[in-house]
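One letter stands for each residue in the lines below.
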Amino acid sequence: MDVSDLLTSAGINIAICVVLLSLYSILRKQPGNACVYFTRRLVSEPVRGTGAISCFERFVPSTGWIAKAGQATDEEILAVGGVDAVAFMRIVVFSIRVFIIAAVICLFIVLPVNYYGQDMQHKEIHSESLEVFTIGNVKEDSKWLWVHCLALYLISCSACVLLYFEYKNITKMRLAHITGSPPNPSHFTVLVRGVPWSPDNSYSNSVEQFFSTYYPESYLSHQMVYGSCTVDKLMKDAERMYRMLKSIDPRFLDRSLPYCIPGGAAHPFMVLNLRADSVSSSTSMDRLQPSQRRQECPAAFVFFRTRYAALVAAQVLQSSNPMLWVTELAPEPHDVYWSNLSIPYKQVWLRKITTLIASVVFMFLFLLPVTFVQGLTQLEHLDQLSRRVPFLKGILKQEFIHRVVTGYLPSVILMLFLYAVPPTMMLFSAMEGNISRSQRKRSACIKVLYFTIWNVFFVNVLSGSIIRQLTVFSSFKDAPKQLARAVPTQATFFTTYVLSSGWASLSCEIMQPFPLICNFFRKFILRTKVEPSSCALTFPHHTEIPRLLLFVHIGFTCSIMAPLILPFLLVFFFLAFLVYRNQILNVYVRKYESGGEFWPIVHNSAIFSLLLTQVIALGVFGIKRSPVASGFIIPLILLTLLFNEYCRQRFSPVFKRRPAQILIEMDQQDEQLGRKEEIHNQIRSAYFQNPIISHQVSINSNLPLSRNTSHHQGDEDNLHGLKSLKPLRYSTSSIR
């Protein structure tokens, strides 16, 4: 591939991005699309005032959303999306900082060394092959290879310093989330699974007897987990009725007015009290008949009087049989994945092994499309395709078509195939038996990350060797040399992949094509006027974190090998900064909070990318016969490993366990303020296996937002028409 092919791919993707972003700026102004592009604002914020905007301005592209996304502070992101949203945005900020440093070093120092690495007659820039700009153009035993070694030292040290401060700051935010939030029921609650069966007692009685005996002073109460039964069916019917009645204006709901039930007589409509304690007291599962008690699962939420007591009970071994009375700290009430709590604990390990095998099989089946994509980037494969399919010979000879096929089409095909990966991995993570939604997303995030790095990076780099030679990794010591030969030659594909899968995917993310199509179908095909307030989306960490980390991985490994990729990566991360901020502020709803528990995944992935970059550089210097440069890489690898071990010992435990010191201080503070009894009453009804209550609480009480953010005033005005079911009028000063 030459520079003109790369410019063709860049031009196509720039045009796509400009068109999609312009279309987004128009669609977000339309009253009917407010439920697509302002979902979080509709759900969580009250309406304040109206504005006006001319019809002409509604159909003219504008950049107002860029300014609003850029001006938002970390405090606003924290108030809207929680620690998870801030930690996610720190990935983007870290990437921007480290690749600015890498771009300055590599573009002004390493790139000229690569370009003039051999004595040759250079062509015009647009006709030059991209391999001329890679380290492969540097001749063997060149004295200029020390420049690459120095650049790698500077990039690695800068990345480690930035990673340290990011890890430190996010750890502080996590601790502040634990101490600064209101009393959290999960701090007092332990999930116990593997409750042994007794023919004389029910599971509920067994749990009460066990914890009353061994934790007599700290045990408060418990709540059993139940499987599907008649009560669950009634709850689902009630939820559907609740959604129907929610759309009725409250002014028309009068206790004295008779309402006619289909098939029956008229009855007065009685407004139920939706307080959790009243509902739980009237639908207590402990009062069920013996035939219905068979629906009890061998799992329960056990409530303790203090946070420290719950912490101790969660971390100690309860029985001589590790498969019985298994305890762990409970997730937040809105984070519980209820359908997996009924899985017997003895099946969990088998499910994990099964899903691991299924993930590996799926990963290797994906080799087929990756190999096909890789063949399109190589000229000899295109010649073979032309000979086998004669009518393509004339088409592929056209210069523009040839550039599109080699520079644009492979990345697009691979990107389309990759869209099937996150739903599949999410299904595997659900089958594993994870007890919380955040654990399920975190598990899917790890699977998608491994999958994308393997199939997008390693398989594309080594596809020719894997398909043709099964001995590519016959010896471990040959791995650096194999990667060193392959990475510079495949750098052009990764550059085009950043353009297609990076820039275009961000444009699709902000466009929200699937919700937009569903909204169009609902409004113009089904003719439904009621807005679907229950269809709010949570942030897709399991898809977006692996996407960002893949580009971080590609950026590190190609930085000194093919520096031309760095400007395109920087454009991607700057665009990601604006797009993701806009989506967090306006679209995605926070239903639970994990306290940034996925950040260790980010740190470990960045360290792995650095180590792999250093190993590849070691192989390249060995191939180029530069023993001095190779010798200097070995200390860098050891220092990176020591840095990772320090971070693992210093910060990682905070993300796995809660500090006893902080929990004891919080217990003492509650006792001094005299609110322990109030907290105990709240936690008894927190884990309610009822979709209506959980849905109501997650939307109304779990989405705090500062009301003093002036730059959001305009968008708040735009939502008034949708809530009042009147024609929308926009504020001209806010929406442009």
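Residues numbered from 1 in each chain as written. Predicted model: local features only at pLDDT ≥ 70, side-chain atom pairs only at ≥ 80, totals over all residues. Heavy atoms only, no water.

**Section: the overall build of the chain**
No. 1: Check the secondary structure of the chain and you find 34 helices and six strands.
No. 2: Counting only residues that meet the buried cut, the chain has 54% of its 736 residues in that class.
No. 3: Partitioning the intrachain contacts of the chain with sequence separation of at least 6 by distance along the chain shows that 83% fall at a separation of at least 24. (Helix = DSSP H or I, 4+ residues; strand = E, 2+ residues; numbered from the N terminus. Buried < 20%, exposed > 50% of the residue type's maximum accessible area, 1.4 Å probe, protein only. Contact = heavy atoms within 4.5 Å.)

**Looking at the side chain of glutamine 318**
No. 1: Tracing the chain through its elements places glutamine 318 in the loop between α12 (307-315) and β6 (326-329).
No. 2: Polar contacts involving the side chain of glutamine 318 include one to the side chain of tyrosine 215, which spans 2.9 Å.
No. 3: Here threonine 327 takes part through its side chain, which lies 3.5 Å from a polar atom of the side chain of glutamine 318.
No. 4: Setting aside residues no more than four positions away along its own chain, glutamine 318 makes contact with Phe210, Tyr215, Ala313, Trp325 and Thr327. (Polar contact = N/O pair within 3.5 Å; in protein donor to acceptor, adjacent residues only side chain to side chain.)

**Points about empty space enclosed by the protein**
No. 1: In total, this model carries five cavities of 30 Å³ or more according to the counting rule given.
No. 2: The volume enclosed by the largest cavity comes to roughly 290 Å³.
No. 3: Elements with a contribution of two residues or more to the lining of the largest cavity: α6 (74-115), α21 (437-468) and α24 (541-558).
No. 4: Residue classes in the lining of the largest cavity are distributed as ten nonpolar, five polar and five charged.
No. 5: Considered as a void within the structure, the second largest cavity measures approximately 80 Å³ in volume.
No. 6: What lines the second largest cavity is Leu6, Leu130, Phe133, Thr134, Ala491, Thr492, Thr495, Ala562, Pro563, Leu564 and Ile565.
No. 7: Broken down by element, the residue count for the lining of the second largest cavity peaks at three residues, all from helix α22 (residues 479-511).
No. 8: Tallied by class, the residues present in the lining of the second largest cavity amount to eight nonpolar, three polar and no charged. (1 Å grid on protein atoms, 1.4 Å probe; cavity = no way out; pocket = protein on both sides within 12 Å on 5 of 7 lines; lining within 4 Å. Points joined across faces, edges and corners; volume = space filled by probe spheres on them. Nonpolar A, V, L, I, M, F, W, Y, C, P; charged D, E, K, R; others polar.)

**Here's the deal with the packing of aromatic side chains**
No. 1: Under the defined criterion, the tally for this structure stands at 34 aromatic pairs.
No. 2: What links up through ring pairs into an aromatic cluster is the set Phe210, Phe211, Tyr214, Tyr215, Tyr219, Phe304 and Trp325. (Phe/Tyr/Trp six-rings, centres within 6.5 Å; stacked < 30°, edge-to-face > 60°.)

**Some details on unusual backbone geometry**
No. 1: One non-glycine residue with positive phi stands out, namely aspartate 141, at about 60 degrees.
No. 2: Mapped onto the fold, aspartate 141 is located in the loop between α6 and α7 (145-180).
No. 3: Within the chain, arginine 625 stands out as a residue other than glycine whose phi angle is a positive 60 degrees.
No. 4: Examined against the element boundaries, arginine 625 turns out to sit in the loop between α26 (599-623) and α27 (627-650).

**Here we look at the sheet that holds strand β5 (residues 296-304)**
No. 1: With antiparallel pairing, four strands are arranged side by side in an open sheet as β2-β5-β1-β6. Taken across any chain shown, the strands that pair with only one partner, and hence form the sheet edges, are β2 (219-226) and β6. Shown here is a sheet whose adjacent strand axes are inclined to one another by a mean of 25 degrees, direction ignored.
No. 2: Where strand β1 (residues 189-193) meets β5, five bridges bridge the pair, whose relative direction is antiparallel. Directly across from threonine 189, in β5, lies its bridge partner phenylalanine 303. (Pairing = 2+ DSSP bridges. Axes fitted to C-alpha atoms, helices over the stretch in contact; angles between N-to-C directions.)

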